[in-house]
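Remarks on the overall topology
Below, each chain spelled out in residue letters.
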Amino acid sequence: MCRSMTFTEEELKQIEQMASLYMSISDIATIMGVWPEELRRQIKIKGNPVAIAYNKGKTMRKLELRKQEIQLAQVGSPLALENARQALIDMEEDE
């Protein structure tokens, strides 16, 4: 049986860490002992501590990868250059 969806600060940090490692919601739910459907529902609620932890973990890893990609683009990696160009386009479209 899975437990309720109330998480401690430590558990929220664990969710953030697992999201930063691109663990699936199903895998995170299994580790945390909750139903995947319920975890997905909580993640969809803006401002929910679970959603904040999950999105922060995922976004912080994305930031680290983006930094590495920009460094590769600066030394001339064709794929990194194309990815950086697309990231800029995505950024401008989101403004």
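Just above sits the structure.
The structure reproduced in this document is the subject of the present report.

Turning to helix α3 (residues 36-44), its buried residues number three or more, namely P36, L39, Q42 and I43. Along the axis of α3, the buried residues cluster in a sector spanning 125°; they form a single face. Residues of α3 that are exposed and point over 90 degrees away from its buried face: E37 and K44.

Let's shift gears to helix α4 (residues 49-74). An ideal rise of 1.5 Å per residue puts 38 Å on 26 residues; α4 measures up with 37 Å between its terminal C-alpha atoms. Of the positions making up α4, those classed as buried are V50, A51, A53, Y54, G57 and A73. Packing partners of the buried residues in α4 comprise α1 (9-20), α2 (25-32), α3 and α5 (78-93). For α4, the capping residue at the N-terminal end is N48, with a side-chain oxygen 2.7 Å from the backbone nitrogen of V50. Count one or two residues on from α4 and you reach G76, which has phi positive near 100°.

Quick notes on the rules
Residues numbered from 1 in each chain as written. Predicted model: local features only at pLDDT ≥ 70, side-chain atom pairs only at ≥ 80, totals over all residues. Heavy atoms only, no water. Buried < 20%, exposed > 50% of the residue type's maximum accessible area, 1.4 Å probe, protein only. Helix = DSSP H or I, 4+ residues; strand = E, 2+ residues; numbered from the N terminus. Arc of directions from axis to C-beta. Expected span 1.5 Å × (residues − 1). Contact = heavy atoms within 4.5 Å. Polar contact = N/O pair within 3.5 Å; in protein donor to acceptor, adjacent residues only side chain to side chain.

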